[in-house]
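# Examining the three-dimensional arrangement
Spelled out, the chains give:
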Amino acid sequence: MTENNFNTDVYYDEDADESNIEDKTVAVLGYGSQGHAHALNLADSGVDVVVGLRRGSDSWDAAEAEGLRVETPEQAAAEGNIVNMLIPDTVQPHVWENIEAELDAGDTLQFAHGFNIHYGQIEPPEDVDVTMIAPKSPGHLVRRTYQRDEGTPGLLAVYQNATGEAKAEAIAYGKAIGCTRAGLIETTFREETETDIFGEQAVLCGGVTSLVKAGFETLVDAGYSPEMAYFECLNEMKLIVDLMYEGGNMEMWNSVSDTAEYGGLTRGDDVINREAMDEILEGVQNGEFAREWINENQANRPAYKQYRQAEQDHQIEEVGERLRELFEWGEQE
């Protein structure tokens, strides 16, 4: 393991022993954002790959056009020594019921997100390894950076080590898709799952969109034009986040005006409710959210559909659609 200054272990190319994967077949179930990137990167690294898709899938022809071999999930799992579940979380338990019998002792069941293992929706047999390799990037960037001889950081976790070689194999897999070029950070299924869901709810998806809408509504209700409210509360969000992404919060503070910095530093915390965040995290940790989401899917998503429709009907969507047309010229450059 390469030495580093992080609070956890990080693995790079020199830590990977490719012999742990070179003679194995990887079954990639799914050909969406992550599935296509994993499959193509593995193939380009010389790994034997079979893509598992249901017959009639729109992705079947696309995968074959890229030179990949495609079989049904059951057949792919039967051939694979490593079976990677790169299909939506909500679909995985049903697919698992169909492929479980195809895994042999010593095989590996692999994931890119720990939801179904952590919350007990998939219970693997004790004689298989269970690992996670999760690139921290959308699939198209995983593929693009690999083709540029670069890589995206990823997460590594071992839930079950039946063979004693689970971690070594996972690191080799991480190298084959390009993650060890940037760094493969070790975590656990629990930590990855709970931090991921909390981040989505409290910050990245739920928190940000609710903050933007609340700011937009505050300005519009006070008599300001929806167009000005949109620019200030949504459009400029990208500019700020880009600065934070490039160099952290201080890069952003160093780039905005002193007025913006002082106002943000003195007022920003007033709109944050840490007690509510703690409650959201507790609901993730104790499984309350997972049970709610599982029940919602079993009931054909009635609440989900209502929330989504309300989001679509919000004034900010109509205003944004009109204003974004002003920027179409920039997309053509």
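Relevant structure appears above.
Residues numbered from 1 in each chain as written. Predicted model: local features only at pLDDT ≥ 70, side-chain atom pairs only at ≥ 80, totals over all residues. Heavy atoms only, no water.

### Some remarks on the overall build of the chain
Check the secondary structure of the chain and you find 18 helices and 9 strands. Over its C-alpha trace the chain gives a radius of gyration of 22 Å, about what one expects of a compact globule, namely 20 Å for 333 residues. Summarising its shape, the C-alpha atoms of the chain cover approximately 65 × 50 × 45 Å along the three principal directions. Here the chain holds 333 residues, and 38% of them are scored as buried. Sequence separation of 24 or more characterises 64% of the internal contacts of the chain that already satisfy a separation of 6 or more. Per element, the accessible surface of the chain, about 18700 Å² overall, is 48% carbon and sulfur. One finds the centroid of the 22 positive side-chain charges in the chain at a distance of 3 Å from the centroid of its 66 negative side-chain charges. (Helix = DSSP H or I, 4+ residues; strand = E, 2+ residues; numbered from the N terminus. Rg over C-alpha atoms; globule rule 2.2 N^0.38 Å. Buried < 20%, exposed > 50% of the residue type's maximum accessible area, 1.4 Å probe, protein only. Contact = heavy atoms within 4.5 Å. Areas by Shrake-Rupley, 256 points an atom, 1.4 Å probe, with all protein chains shown as cover. Lys, Arg positive; Asp, Glu negative; His and termini not counted. Charge placed at Lys NZ, Arg CZ, Asp CG, Glu CD.)

### Re the nonpolar core
Within the largest apolar cluster, 30 residues are counted, with the highest numbers of intra-cluster contacts made by Ile21, Val26, Tyr31, Leu42 and Val51. Setting aside residues up to four positions removed in sequence, Val51 forms contacts with Val28, Gly30, Tyr31, Ala39, Leu68, Arg69, Val70, Glu71 and Ala76. In this structure, Leu109, Ile117, Met132 and Leu155 belong to the second largest nonpolar core, which totals 23 residues. (Core = buried A, V, L, I, M, F, W, Y, C linked by side-chain atoms within 4.5 Å.)

### Structural notes on the pairing of strand 3 (residues 48-52)
Counted residue by residue, strand 3 has 4 buried out of 5 residues, so it is predominantly covered. Bridging between strand 2 (residues 25-29) and strand 3 involves 5 bridges; their strand directions are parallel. Of the residues in strand 3, the one forming a bridge with Val28 is Val51. Remark: the strand 2/helix 1 (residues 33-44)/strand 3 crossover connection has right-handed handedness. Pairing analysis gives 3 bridges linking strand 3 to strand 4 (residues 69-71), with the strands arranged parallel. Looking at strand 4, one finds that Gly52 is bridged to Glu71. Viewed along the sheet, the connection from strand 3 through helix 2 (residues 59-65) into strand 4 turns out right-handed. (Pairing = 2+ DSSP bridges. Right-handed = clockwise from strand over helix to strand, strands pointing away.)

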